[in-house]
Protein chains: 2
Amino acid sequence: MVTNMEKPYVVGIDIGGTNTVFGIVDARGTILSVGSIKTQDYLEIDDYVNTVCSNLLPLIEANGGVDKIKGIGIGAPNGNFYSGTIEFAPNLPWKGIIHLADMFTERLGIPTVLTNDANAAAIGEMTYGAARGMKNFIMITLGTGVGSGIVINGEMVYGHDGFAGELGHVIVRRGNNGRICGCGRKGCLEAYCSATGVARTAREILETTQAESKLREIPADQITSKDVYEAAVMGDAVANQIFEFTGTILGEALADFIAFSSPEAIILFGGLAKSGDLIFKPIQKAIDENVLAIYKGKAKLLMSELKDADAAVLGASALGWEIK
Amino acid sequence: MVTNMEKPYVVGIDIGGTNTVFGIVDARGTILSVGSIKTQDYLEIDDYVNTVCSNLLPLIEANGGVDKIKGIGIGAPNGNFYSGTIEFAPNLPWKGIIHLADMFTERLGIPTVLTNDANAAAIGEMTYGAARGMKNFIMITLGTGVGSGIVINGEMVYGHDGFAGELGHVIVRRGNNGRICGCGRKGCLEAYCSATGVARTAREILETTQAESKLREIPADQITSKDVYEAAVMGDAVANQIFEFTGTILGEALADFIAFSSPEAIILFGGLAKSGDLIFKPIQKAIDENVLAIYKGKAKLLMSELKDADAAVLGASALGWEIK
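In short, a report on the structure. Everything quoted here is computed from the prediction, not taken from an experiment. (Residues numbered from 1 in each chain as written. Chains lettered and ligands numbered in written order. Predicted model: local features only at pLDDT ≥ 70, side-chain atom pairs only at ≥ 80, totals over all residues. Heavy atoms only, no water.)

1. Concerning the overall build of chain A
From N to C terminus, chain A includes nine helices and 13 strands. Here chain A has a C-alpha radius of gyration of 20 Å; the compact-globule value for 324 residues is 20 Å, and the two agree. When the backbone C-alpha atoms are referred to their principal axes, chain A occupies close to 65 × 45 × 35 Å. Within the structure as shown, chain A displays about 13,300 Å² of accessible surface, and the carbon and sulfur contribution to it stands at 50%. Of the side chains in chain A, 27 bear a positive and 37 a negative charge, and the two mean positions are spaced by 5 Å. (Helix = DSSP H or I, 4+ residues; strand = E, 2+ residues; numbered from the N terminus. Rg over C-alpha atoms; globule rule 2.2 N^0.38 Å. Areas by Shrake-Rupley, 256 points an atom, 1.4 Å probe, with all protein chains shown as cover. Lys, Arg positive; Asp, Glu negative; His and termini not counted. Charge placed at Lys NZ, Arg CZ, Asp CG, Glu CD.)

So this is what it looks like as structure tokens:
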């Protein structure tokens, strides 16, 4: 991160399927101002960008004006760092390839870069959070899906095409018995370790066993990962079994990721990560049992240090410091 | 690669369990002189280094002397780039941690760096072979074991500890039915796609089916991957099935590797890679069928362009150009 007394702030814009959140951030990761709009209200990309700009500019003015902003970072699904585009994002209103970074650069006169949300989370963690000072780490985001951002030799891994780091879609259960994933394939990590994966595990265990559980009080198709967490905290054996199962699968996958880039740390972010020891213990156990001998005891397993509410804007904003 | 008219050559030293080969190499990858000694003849590391030096120095002198050498690169099993050490290499005579790079630097007065053999192969391919000009690729070496070297953003991936890139030891068959691997774990890629893995597949198919095959003329415990290749070339159905099986497992694993670093190419090196379409077709099919949609048709599958006999010395030598 290159701080600059002349340009002490960056802007972060996080584009989600429901909300778009934007904020002004300083070098210590303090969010000075924040605003948001509903992403789905703007079916035309021009309307959308204009509305973000007209909401964002007053915040920029209130903090010293455009001249104080080093850059704008955008985190967006299917975001491509190299081209500054969003490409065929299924949960956003705009189809095809959208040259979003250029649109902001032109309208605001501030250099703008863009990447996918999990990569933004990783850069945020490196700039303001648990990965400060680290040159080699892997960020895993556990939400509705499972995302990842990989940092090697101090640089984000974008790959040849800008789309590297889809570790939610490595196959953890091969063959026809693998769970169907949202990507259309079978057996992906995401199908087991996302919030929906956890809920599905709950249903499968409740349907295939007679074990007593508080979770039986909830209609099977309405159980969420939050319900599982709350039951586990109260000592529910089935809920604990669900965490064991989820953590074991994730830990086995992480052991393979370690063989790839031998990171200093693996950092977990998102709802599931906040379940603490319930999920960290089975993950750590599975790593220890599955990792190749030369890696044993080396990679730290850490929880994100960014607050949930701030993480998306902080992550996106951190990209702004990287602009050369 | 920084070429230098004053220092136009590098030295490559490849340390194998049986032989140590060393040579003088120019910027185009021509080996000007080459020599070798038997690794196992030297139980003391000092004797070994002295013998390599006394055999290597005349070659250096014949090519203009020490002043013409930019650096020495060493490829060795369990080699650590960061520390220049060989650490607990099971197939070498010297136990524990050996500070090999320093020993050569001191004796010859030439800067020396070291990495493992698969990483050296990747750097060799980037410097002289199929990966020239590539910034993102993965090298897979298919030999007695399965090794790998990963290049991202134009840099070798060594990881936090110097040992990154052990893709032969990701788990491709989970659970107790996975084949035992030389590393002591079960289900590693290496247990299926190394030369010994191929031979084991042959035995398994011959033992569990009644299919006719030329391979039945060979005692089951003596079948080698070369026998399988020769039978397949003659149209043997079982031999072809073995290649299908091996290529499918490797292709499935490569599809996962692509999700990690989205490389421009995956380059295969070693005996199995030389089987051509017999192995490339099932690998490519498995990649196409298993890779996430956004990566489809992107990563090229290539064969190494370095001659087998030269590759080890060339790979090690290429490290010499990287010295700063």
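Read on for the rest.
2. Examining the pairing of strand S1 (residues 9-15) of chain B
All names here are of chain B. Taking burial as the measure, the seven residues of S1 include six buried ones, the bulk of the element. Examined bridge by bridge, S1 and strand S2 (residues 19-26) share seven bridges and lie antiparallel to one another. Paired with Tyr-9 across the two strands is Asp-26, which belongs to S2. Connecting S1 to the next strand, S2, in antiparallel fashion are three residues. Across six bridges, the pairing between S1 and strand S4 (residues 69-75) is parallel. Within S4, the position partnered with Gly-12 by the bridge is Gly-73. (Buried < 20%, exposed > 50% of the residue type's maximum accessible area, 1.4 Å probe, protein only. Pairing = 2+ DSSP bridges.)

3. Comments concerning the relation of the copies chain A and chain B
The two copies are related by a screw motion: chain A maps onto chain B through a turn of 180 degrees and a shift of 0.0 Å along the axis, at an RMSD of 0.0 Å. With respect to symmetry, the two chain copies, as superposed, fit the operation of a two-fold axis. By residue overlap, the copies meet face to face through one surface: 100% of the interface positions of chain A are interface positions in chain B. (Least-squares fit on C-alpha atoms with pLDDT ≥ 70 in both. Contact = heavy atoms within 4.5 Å.)

4. Focus on the interface of chain A and chain B
Facing the 41 residues of chain A at the interface are 41 residues of chain B. When the area that chain A buries against chain B is broken down by residue, the three leading residues are His-160, Arg-174 and Phe-260 of chain A, summing to 23%. Here Arg-174 of chain B and Asp-256 of chain A are joined by a salt bridge, their closest N and O atoms 3.0 Å apart. On the surface where chain A and chain B come into contact, there are 24 residue pairs in polar contact (both at pLDDT 80 or more). For the side of chain A that touches chain B, the elements supplying multiple residues, two or more each, are strand S10 (146-152), strand S11 (155-156) and helix H7 (237-261) of chain A. With seven residues, the single largest contributor to the side of chain A that touches chain B is H7 of chain A. (Buried area = accessible area lost by both parts, 1.4 Å probe. Salt bridge = Lys/Arg side-chain N within 4 Å of Asp/Glu carboxyl O. Polar contact = N/O pair within 3.5 Å; in protein donor to acceptor, adjacent residues only side chain to side chain.)

5. Notes on the packing of aromatic side chains
Residue and element names in this part refer to chain B. Per the stated rule, a full pass over the model turns up 15 aromatic pairs over all chains. Measuring from ring centre to ring centre gives 6.1 Å for Phe-81 and Tyr-82, while their planes differ by 65 degrees; the resulting arrangement is edge-to-face. Judged by relative accessible area, Phe-81 falls into the partly exposed class, the value being 28%. Exposure remark for Tyr-82: the relative accessible area of 43% places this residue in the partly exposed category. (Phe/Tyr/Trp six-rings, centres within 6.5 Å; stacked < 30°, edge-to-face > 60°.)

6. Points about the packing of H7 of chain A against helix H8 (residues 277-290) of chain A
Residues and elements named next belong to chain A. At a minimum axis distance of 7 Å, the contact between H7 and H8 shows a crossing angle of 40 degrees. Accordingly, the angle class assigned to the pair H7 and H8 is oblique. Note on packing geometry: the crossing formed by H7 with H8 is right-handed. Only Leu-278, Ile-279, Pro-282, Ile-283, Ala-286, Ile-287 and Asn-290 of H8 make contact with H7, whose side of the interface consists of Asn-240, Phe-243, Glu-244, Thr-246, Gly-247, Thr-248, Leu-250, Gly-251, Glu-252, Leu-254, Ala-255 and Ile-258. Here the residues of the contact of H7 with H8 sort into eleven nonpolar, six polar and two charged. (Axes fitted to C-alpha atoms, helices over the stretch in contact; angles between N-to-C directions. Parallel < 35°, antiparallel > 145°, perpendicular 65-115°, else oblique. Left-handed = near helix turned anticlockwise from the far one by under 90°. Nonpolar A, V, L, I, M, F, W, Y, C, P; charged D, E, K, R; others polar.)

7. Here we look at helix H8 (residues 277-290) of chain B
Here H8 of chain B is 14 residues long and its end C-alpha atoms lie 19 Å apart, about the 20 Å a rise of 1.5 Å per residue gives. Lining the buried residues of H8 of chain B we find helix H7 (237-261), strand S12 (265-269) and strand S13 (300-303) of chain B. (Expected span 1.5 Å × (residues − 1).)

8. Considerations on the sheet that holds strand S11 (residues 155-156) of chain B
All names here are of chain B. Across the sheet, five strands lie side by side as S11-S10-S9-S12-S13; this open sheet has mixed pairing. Edge strands, defined here as strands with exactly one partner in the open sheet, are S11 and S13. Of the strand pairs in this sheet, strand S9 (residues 137-142) and S12 are connected by five bridges, and their pairing is parallel. Residue Met-139 lies in a different strand from S12, and its bridge partner there is Ile-267. Each of S12 and S13 is contacted by H8, which is oriented at about 160 degrees to S13, the strand it contacts most.

9. So, the pattern of salt bridges
Within the structure shown, the criterion is met by 24 salt bridges over all chains. Note that Arg-173 of chain A and Glu-252 of chain A form a salt bridge whose closest N and O atoms lie 3.6 Å from each other. Taken as a pair, Arg-173 of chain A in the loop between S11 and helix H4 (190-193) and Glu-252 of chain A in helix H7 lie far apart in primary sequence, 79 residues in all. For Arg-173 of chain A, a relative accessible area of 26% puts it in the partly exposed group. Here Arg-200 of chain B ties to Glu-204 of chain B by a salt bridge, and the two come within 3.1 Å at their closest N and O atoms. With Arg-200 of chain B and Glu-204 of chain B both in helix H5 (residues 195-208), this residue pair falls four residues apart, about one helical turn. The class of Arg-200 of chain B is partly exposed, set by a relative accessible area of 28%. Residue Glu-204 of chain B is classed as partly exposed on the basis of its relative accessible area, which comes to 31%. Several salt bridges converge on common partners, so that one network encompasses Arg-173, Glu-252 and Asp-256 of chain A together with Arg-174 of chain B.

10. Observations concerning the environment of Pro-77 of chain B
Residues and elements named next belong to chain B. The residue Pro-77 is located in the loop between S4 and strand S5 (79-80) in this model. On the basis of relative accessible area, Pro-77 is assigned to the buried category, the value being 16%. Every residue in contact with Pro-77, bar those within four places of it in the chain, is listed here: Ile-15, Ile-86, Ala-89, Leu-92 and Asp-117.

11. Digging into the environment of Val-172 of chain A
Considering the arrangement of structural elements, one finds Val-172 of chain A in the loop between S11 and H4. Relative accessible area serves as the criterion here: at 4%, Val-172 of chain A is assigned to the buried category. Between the C-alpha atoms of Val-172 of chain A and Lys-186 of chain A, which are 14 residues apart in sequence, the distance is 9.1 Å. Contacts of Val-172 of chain A, omitting those with residues within four sequence positions, involve Gly-187, Cys-188, Leu-189, Tyr-192, Ile-249 and Ala-253 of chain A together with Arg-174 of chain B.

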